[in-house]
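Coordinate inspection notes
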Amino acid sequence: MKYAEEFRDPKAAKALLTLISEVVDDIGATREKPIHIMEICGGHTHAIFRYGLDKLVHDGIEFIHGPGCPVCVLPMSRVDECIEIAGKEGVIFTTFGDAMRVPGTQKSLLQAKAEGADIRMVYSPLDALELARRNPDREVVFFGLGFETTTPSTAFSIQAAAREELTNFSIFCNHITVPAPIKVLLDDPHMVLDGFVGPGHVSMVIGTHPYDFIAQDYGKPIVVAGFEPLDLLQSVLMVLQQIRDGRAEVENQYARVVPEHGNPVSLAAISDVYEPRPSFEWRGLGEIEESGLRIRTRYAAFDAEVKFGIGYAAETRGVEEPEGCSCGAVMTGRMKPVHCMQFGRGCTPETPLGALMVSSEGACAAYYQYGGARAAAE
Amino acid sequence: MCLGIPGQIIAVTQPEKMMALAEVSGVRREVNVAPVATGPLDDLIGKWILIHVGFAMALIDEDEAAATLEALRGLGEAQEALDAMAAGDAALEGGS
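Each value, and the rule that gives it
Residues numbered from 1 in each chain as written. Chains lettered and ligands numbered in written order. Predicted model: local features only at pLDDT ≥ 70, side-chain atom pairs only at ≥ 80, totals over all residues. Helix = DSSP H or I, 4+ residues; strand = E, 2+ residues; numbered from the N terminus. Rg over C-alpha atoms; globule rule 2.2 N^0.38 Å. Contact = placed C-beta atoms within 7 Å. Nonpolar A, V, L, I, M, F, W, Y, C, P; charged D, E, K, R; others polar. Pairing = 2+ DSSP bridges. Axes fitted to C-alpha atoms, helices over the stretch in contact; angles between N-to-C directions. Buried ≥ 20, exposed ≤ 12 C-beta atoms within 10 Å, placed from the backbone. Parallel < 35°, antiparallel > 145°, perpendicular 65-115°, else oblique. Left-handed = near helix turned anticlockwise from the far one by under 90°. pLDDT = per-residue confidence, 0-100. Arc of directions from axis to C-beta.

Per the secondary structure count, chain A includes 15 helices and 13 strands. Taken over C-alpha atoms, the radius of gyration comes to 21 Å for chain A, in line with the 21 Å a tight globule of 378 residues would show. C-alpha atoms of chain A, sized along the principal axes, occupy 65 × 45 × 40 Å.

In C-alpha cells, the structure reads:
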C-alpha cells in the first residue's frame, strides 16, 4: 500500500479503510457485485486517483465519476462561440486558464490566441472588470464558466459593472448547476448508483438542502465531502453506513466549511443577476432542463449573448462530437476511460480530443496521469 | 478554478468595493470579501479565508487553512492557483 504513506495521517487512513471494509462486508458487496458510489465533483475525482483511493478501498466499491467538471461538460459549440466573440473588432476576450485548451470544432482558445485573437487568461472576473476600466475603448468579455462555486464571482462582477455604469464589460454566461444533471443520471435506467459523495465547494455556496431530493425522492444517500483524502474516506464510510442501515439522508462531512444553508450573500447575488435557462446543453448529456443560468433582462447590457447575438440568443446551434470520442459514455459512467478507442492514442492531455482529457479534474486525464499503467495491467 | 485556496487577510484596501489584501502562500493579492463580510471589514484582518477566483467564500480556521493548502499541494492545484493569479496580473498589462 505505497499510497497510504502519502496520507497526512496514515494511521487514520488505515483505520478508515478497515472500517470501510467491515461495512462493505456487512452489506455483502463484492468485486463482482459492487456498491456504486458516484463522486460528483471533478476535484474529488482528481483526489481519488491522486491518492489511489479507488485501489485502496475494498474491491466491493466501484467509484463512478460524475459530471462535476465544468470544462469537461462544455459543448464544443460553446468554445466555437467564444472564438467567434474573440474575433470581433475591439474585443478583449478573457477566460479562466482551464478553458484555454478545450477543443472547439475547429480550434481551441489557445490556438485562436496564437492566430492573433486578443484572448487573455485571468484569475478572476475581477481582473476582466479591471481590464474594462483601463480600456474604455475596448469591449471586454469574460467567459463565465463553472458551477455554483464560480457563479457568485461573475454575479458580483456584473453588479459592480452596473454600479460603475461600465458600458464595455460583458459576461458570456455558461454557468451550470449541480443538482439538475444528478436528477438526469438518477432517472437513467442504465445507471446503477447506490450513493453519492457530494461536492464540497459547490455546497459551501448552495448549502446541503438542494440535495434533499436525492435522499427523499430517490432514496439514495449523499454525503458532502471535503478534499483531503481522509475527508473522502470518511465520506465513503458514511455513505456505506447509510446503505447498511437502510437510511437515505443528506449528511455533511465538510461542516467546517459548508453551512447547511450555504452562503447567503452569494446566493442573493446569484438570484439578483441570474435566472434558470429553460434548458442548457451539456457535453455528453445533451440538453438538460433548468440546468444552466442566464443573465436576467435587467442586466442585459452585460450579457455577451445579447450584445453579440451569439449562443442561446442565436437561432441555430449545436454540433456533433468528434468521431470516436466517447466522453458522453464516460461522463455517465457507462464506459471506463481506458475502454475508449481514442484513450491514449488520438486523445492525450497534450493533444486532447475530448474535454475529459483536458482538465486535471476530468476522469480521462486522471486515469491517464495516475491510472494508465495499472489500468493497462488489469 | 473550482477548488479554493486558503489565504489570510492582512489589510482592507478599498472598503467601498469590499476589497482587501490577502496573503496566499507568500503571494499578495487583492480579493473581494463581500461573501464573508457580516460586520465591519476591519474585523476581517488576520482572518483566514478560502479564496475562489478572487472572492473570499468562507472563513476558516488556521488549522483548516494549513490542511487545505497541503491537500491542494498534493493535487498540484496550489501552484495552479498561484500561476493563475500571476497570469491575471500579466493580463492587465496586456500579456498572458
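Next comes the rest of the write-up.
Bringing the interface of chain B and chain A into the picture now. Every contact between the two is made by 29 residues of chain B and, on the other side, 39 residues of chain A. Contributions of two or more residues to the side of chain B that touches chain A are made by β4 (48–52), β5 (55–60), α1 (62–75) and α2 (77–92) of chain B. Here the side of chain B that touches chain A is composed, by residue class, of 19 nonpolar, eight polar and two charged.

We now examine the sheet that holds strand β2 (residues 61–68) of chain A. Residues and elements named next belong to chain A. If you trace the five strands from one edge of the open sheet to the other, you get β2-β1-β7-β8-β9, paired in parallel fashion. Each edge of the open sheet carries a strand with a single partner, namely β2 and β9 (250–252). Across the sheet, the mean angle from the axis of one strand to that of its neighbour is 20°, orientation sign disregarded. In terms of strand pairing, strand β7 (residues 195–198) meets strand β8 (residues 222–224) through three bridges, oriented parallel. Counterpart to V197 in the pairing with β8 is V223. Here helix α11 (residues 229–245) sits on the sheet in contact with β1 (35–41), β2, β7, β8 and β9, set at roughly 150° to β7.

Turning our attention to the pairing of β5(B). Residues and elements named next belong to chain B. Counted residue by residue, β5 has five buried out of six residues, so it is predominantly covered. Bridge count between β4 and β5: five bridges; the pairing is antiparallel. Residue pairing across strands places W48 opposite I60, the latter belonging to β5. Counting the residues between successive antiparallel strands, the hairpin from β4 to β5 contains two residues, one of them, V53, with a positive phi of roughly 35°.

All names here are of chain A. The contact between helix α6 (residues 125–134) and helix α7 (residues 151–163) brings their axes to 9 Å, and the two run at 20°. Classified by the angle between their axes, α6 and α7 sit roughly parallel to one another. For the crossing formed where α6 meets α7, the hand is right-handed. The segment α6 lies against α7, with P125, L126 and L129 engaging S153, T154, S157, A160 and A161. Across the contact of α6 with α7, the residue classes break down as five nonpolar, three polar and no charged.

With that settled, the discussion passes to the confidence of the model for chain B. Of the residues in chain B, 98% reach a pLDDT of 70 or more, and the chain-wide mean stands at 90. Per the prediction output, this complex has pTM 0.90; the corresponding ipTM is 0.92.

It is worth spelling out the packing of α7(A) against helix α12 (residues 264–273) of chain A at this point. Residue and element names in this part refer to chain A. At their nearest, the axes of α7 and α12 sit 8 Å apart, and the two run at 65° to each other. Considering only the axes of α7 and α12, their crossing is left-handed. Contacts between α7 and α12 pair T151, P152, A155, F156, I158 and Q159 from the former with S266, A269, I270, D272 and V273 from the latter. Classifying every residue of the contact of α7 with α12 gives seven nonpolar, three polar and one charged.

Residues separated by three or four positions in an α-helix point in the same direction, a consequence of the helix having 3.6 residues per turn. Residue and element names in this part refer to chain A. The buried count for helix α4 (residues 76–86) comes to eight of 11 residues, which makes it a mostly enclosed element. Residues M76, R78, V79, E81, C82, I83, I85 and A86 constitute the buried set of α4. Buried residues belonging to α4 abut β3 (91–96), α5 (109–114), β4 (119–122), β5 (139–146), β6 (169–175) and α13 (304–308).

Okay, α12(A) next. Looking at α12(A), one finds that the buried residues are V265(A), S266(A), A269(A), I270(A) and V273(A). Seen from one end, α12(A) has its buried residues packed into an arc of 135°, which puts them on one side. Opposite its buried face, α12(A) presents the exposed residues P264(A) and S271(A), each directed more than 90 degrees away. On its buried face, α12(A) is in contact with α7, α9 (200–206), β10 (274–276) and β13 (293–295) of chain A together with β5 of chain B.

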